[in-house]
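Reading the structure
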Amino acid sequence: MWLDSHCHVTADRFAADRDAALQRARDAGVDAMIAIGSGYGFEGNADAVALAEGHADVFATVGVHPHEASEMNDAVLRRLREWLAHPRVVGVGECGLDFHYMNSPEDVQRRAFAVQVALARELDQPVSIHVRGDDPDAYAPLLEIWLAEGGGSLEGVLHCYTGSQAFAHRALDAGFAVSFSGIVTFKGSGELREVARSVPLDRLLVETDAPFLAPEGHRGRRNEPAWVGRVGETLAELHDVPLEELARVTSDNARRLFRLPASPATPEASATASPATPRA
Ligand SMILES: [Zn+2]
Ligand SMILES: [Zn+2]
């Protein structure tokens, strides 16, 4: 049973076969998916919320992506606050810093990230974080802003981690979970694999970041949540644990982090399920 902790299934690239892609994920043992609201313009968040409303195994986050940090303003913040009260919205994000593409100016990115961490803290919400750029130039300020805005008391995950071993350990010390995508499966990702090996199992998440970054075996194709297990295979090898254990642990970690209801298939869920109300 897998949990894809970060995917963009609302992307246009799923327009023709979104329901089929969700079904392929279920057939592949994916029992929950986090549909990341940001990354396709601010209004894209509404698509993620709507998708989560329509599917019991899809949950949404809402936020402003660092590429689109210039969109942040008071009205946007108000909308985020409203969405975060929605029962199917389970966190803020993805937000963070991207000094690699630099699609928004650095100071604008910093401000937008700081505001979202503060919002998450005010509403006590977990945060899915994007960080890209030179390490430490983008990574050090990310951690500074997180701590300055009170992120230390929150749950946060560094999604699609590609940074250094050294920063990963600073992030773990600060309480972050670390999520790996298909990049870790690529031949030539030796250094990243060593980082993944050093992240303790109880802080490890898996994701596809679909439609991007299809794992080895599917490279060059549109990625989809059904392939999250391929990322898990590499991590299971690195940690020398059975695939089923890696799946269970990473799903539990993500469920805890995003405070998802227990999977309907798990024994705890059926044990605590309330008996059906007798019909009058
Ligand atoms: Zn990202
Ligand atoms: Zn993403």
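The coordinates are above.
Overview of the structure. Predicted model only: the values in this text are computed from it and were never measured.

**As for the overall build of the protein**
A count of helical and extended segments in the protein gives 10 helices and eight strands. Taken over C-alpha atoms, the radius of gyration comes to 18 Å for the protein, in line with the 19 Å a tight globule of 280 residues would show. For the protein, the spread of C-alpha atoms along the principal axes amounts to about 60 × 45 × 40 Å. For the protein, buried positions account for 57% of its 280 residues. If you take every contact in the protein between residues at least 6 apart in sequence, the share linking residues at least 24 apart comes to 74%. Element-wise, carbon and sulfur atoms account for 51% of the exposed surface of the protein, whose accessible area totals about 12,100 Å².

**Some words on the coordination of the zinc ion (ligand 2)**
Looking at the zinc ion (ligand 2), the protein donor atoms are His6 (NE2), His8 (NE2), Glu94 (OE) and Asp209 (OD), and they sit 2.1 to 2.4 Å from it. Geometry at the zinc ion (ligand 2) is irregular, judged from its four donor atoms and the angles of 87 to 178° they form at the metal. Each donor residue of the zinc ion (ligand 2) lies on one chain, and together they are spaced H-x1-H-x85-E-x114-D. For the pair the zinc ion (ligand 2) and the zinc ion (ligand 1), the metal-to-metal distance amounts to 3.4 Å, and Glu94 bridges them. Pair noted here: His6 is in strand S1 (residues 2-7) and Asp209 is in the loop between strand S8 (204-206) and helix H8 (228-239), with a separation of 203 residues, a long-range link.

**Examining helix H4 (residues 106-123)**
Spanning 18 residues, H4 covers 26 Å between terminal C-alpha atoms, matching the ideal 26 Å at 1.5 Å per step. Every buried residue of H4 is accounted for by Val108, Gln109, Ala112, Phe113, Ala114, Gln116, Val117, Leu119 and Ala120. Those residues of H4 hidden inside the fold are in contact with helix H3 (74-83), strand S4 (89-98), strand S5 (127-132) and helix H5 (139-148). Of the residues trailing H4, Asp124 is marked for its positive phi of about 55°.

Conventions adopted
- Residues numbered from 1 in each chain as written.
- Chains lettered and ligands numbered in written order.
- Predicted model: local features only at pLDDT ≥ 70, side-chain atom pairs only at ≥ 80, totals over all residues.
- Heavy atoms only, no water.
- Helix = DSSP H or I, 4+ residues; strand = E, 2+ residues; numbered from the N terminus.
- Rg over C-alpha atoms; globule rule 2.2 N^0.38 Å.
- Buried < 20%, exposed > 50% of the residue type's maximum accessible area, 1.4 Å probe, protein only.
- Contact = heavy atoms within 4.5 Å.
- Areas by Shrake-Rupley, 256 points an atom, 1.4 Å probe, with all protein chains shown as cover.
- Donors = N, O, S within 2.8 Å, 3.2 Å for Na, K, Ca; no water.
- Tetrahedral: all angles 85-135°; square planar, octahedral: opposite > 155°, others 65-115°.
- Expected span 1.5 Å × (residues − 1).

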